[in-house]
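# Overview (structure and organization)
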Amino acid sequence: MNAGDKKDIKVTFPEEYQAKDLAGKETTFAINLKKIQEKEKVRIDKKLAEKMLPGVEGADVEMLNEKVEEQMLSEELSKVYNDKLKPELTEALLKNYEFDIPSFIVEQEMDNKLNQKAQTMSEDEINALKDDVEKVKAMREEFRDEATKSVKATFIIDALALAEGVSVSEDEVSQTIFYEAMQTGQDPQATLDHYKKAGYLPAVQMAMVEDRVLSKILDAAIKEKEA
């Protein structure tokens, strides 16, 4: 099709389609192609380097490439840590530290997890829950243990980060989002803007702090074992 073309396309919805009134039925979509847009390739130049490396004096393409290579190597190491070592370390920390957790924070985390679950449910599943308060309460209660562990882990990581002097700046968060967007072929600036608008930056920052804290503990343990 070219810009300005119109076309009717017949589509049959699958029998298991979530909207029961459409399941198995045939419908016609009237397509009107108004324009065709081509995604521009990201230009890797000094201007991009300065944008990607804010606050770095004399930022250029070579420095940007070095940073990207460093990031890729870090990701390979992180994969080993994340798949095995970090989950085991987190579980060990949860078992070794006992303290009271504010109940209202756990309740908030349970609400967050319930909302996340709802986003993956079909419209029919959500409608079925609207008239069943007890079922909603039971589903929410299923997240209590997971929410408790999550909140407890956050308190432990915060305390360890403070003790170890670990922090992550807003510039570092932005840089990380930029790198990941570039590696996946997305528009870096648009991705960063989306994260900001959606309010995801604090969560990304916390995840980075957690990663650094656990990595620092694991690195120290590995070096001690090698010595």
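## Focus: the overall build of the protein
Across its full length, the protein holds nine helices and two strands. Walking the protein from its N terminus toward its C terminus, one meets helices and strands in the order β-β-α-α-α-α-α-α-α-α-α. Taking all 227 residues of the protein together, 25% fall into the buried category. For the protein, the proportion of contacts with a sequence separation of at least 24, taken over those separated by at least 6, is 65%. About 16,600 Å² of surface is accessible on the protein, with carbon and sulfur atoms providing 51% of the total.

## A word on the side chain of K113
Here K113 is to be found in helix α3 (residues 103-119). Once residues within four sequence positions are removed from consideration, K113 is found in contact with F143, E146, A147 and S150.

## Some thoughts on helix α8 (residues 188-198)
Of all the positions in α8, only P188, T191 and L192 are classed as buried. Viewed end-on, α8 has its buried residues packed into an arc of 100 degrees, placing them on one side of the element. At the N-terminal boundary of α8, the capping side chain belongs to D187, with an oxygen 3.1 Å from the backbone nitrogen of Q189. Positive backbone phi, at 75 degrees, marks G199, one or two positions downstream of α8.

## Some details on a nonpolar patch on the surface
A cluster of nonpolar side chains, namely I9, F29 and I31, defines an oily patch on the protein surface of about 230 Å² accessible area. For I31, the position within the fold is in strand β2 (residues 26-32). Exposure remark for I31: the relative accessible area of 32% places this residue in the partly exposed category.

## Details of the packing of α3 against helix α6 (residues 144-164)
For the pair α3 and α6, the least separation of the axes is 9 Å and the interaxial angle reads 120 degrees. In this view, α3 runs oblique relative to α6, as classed from their interaxial angle. Seen from above, α3 lies across α6 with right-handed handedness. The segment α3 lies against α6, with I105, V106, E107, E109, M110 and K113 engaging R144, E146, A147, T148, S150, V151 and F155.

## Section: the nonpolar core
Membership of the largest hydrophobic core comes to 27 residues, with the highest contact counts inside it found for M52, L64, L93, V173, V209 and V213. Elements with a contribution of two residues or more to this core: α1 (46-52), α2 (61-96), α6, α7 (170-183) and α9 (201-226). When residues in this core are grouped by element, the largest group, six residues, is from α9. Aside from chain neighbours lying at most four places away, what touches V213 is I157, L160, A161 and V166.

## Focus: the pattern of salt bridges
Taken as a whole, this structure holds 11 salt bridges when the rule is applied. The partner of K113 in a salt bridge is E146, with the nearest N and O atoms 3.4 Å apart. With K113 in helix α3 and E146 in helix α6, this pair connects stretches of sequence that are 33 residues apart. For K113, a relative accessible area of 11% translates into the label buried. In this structure E146 comes out as partly exposed when scored by relative accessible area, which is 44%.

## Concerning the packing of aromatic side chains
Under the counting rule described, the total for this entry stands at two aromatic pairs. Here Y195 and Y200 contribute two aromatic rings whose centre-to-centre distance is 5.8 Å and whose plane-to-plane angle is 85 degrees, an arrangement assigned as edge-to-face. Judged by its relative accessible area of 25%, Y195 is partly exposed. One residue, K152, lies across the ring of F99, its end atom 5.8 Å from the ring centre.

## As for the pairing of strand β1 (residues 6-12)
Among the seven residues that make up β1, zero are buried, leaving the element largely open to the surroundings. Two elements, β1 and β2, share seven bridges in a ladder whose sense is antiparallel. If you follow K7 over to β2, its bridge partner there is I31.

About the thresholds
- Residues numbered from 1 in each chain as written.
- Predicted model: local features only at pLDDT ≥ 70, side-chain atom pairs only at ≥ 80, totals over all residues.
- Heavy atoms only, no water.
- Helix = DSSP H or I, 4+ residues; strand = E, 2+ residues; numbered from the N terminus.
- Buried < 20%, exposed > 50% of the residue type's maximum accessible area, 1.4 Å probe, protein only.
- Contact = heavy atoms within 4.5 Å.
- Areas by Shrake-Rupley, 256 points an atom, 1.4 Å probe, with all protein chains shown as cover.
- Arc of directions from axis to C-beta.
- Polar contact = N/O pair within 3.5 Å; in protein donor to acceptor, adjacent residues only side chain to side chain.
- Patch = residues over 30% accessible without salt bridge, like charges linked within 9 Å, V, L, I, M, F, W, Y side chains within 5 Å.
- Salt bridge = Lys/Arg side-chain N within 4 Å of Asp/Glu carboxyl O.
- Axes fitted to C-alpha atoms, helices over the stretch in contact; angles between N-to-C directions.
- Parallel < 35°, antiparallel > 145°, perpendicular 65-115°, else oblique.
- Left-handed = near helix turned anticlockwise from the far one by under 90°.
- Core = buried A, V, L, I, M, F, W, Y, C linked by side-chain atoms within 4.5 Å.
- Phe/Tyr/Trp six-rings, centres within 6.5 Å; stacked < 30°, edge-to-face > 60°.
- Lys NZ or Arg CZ within 6 Å of the ring centre and 35° of its normal.
- Pairing = 2+ DSSP bridges.

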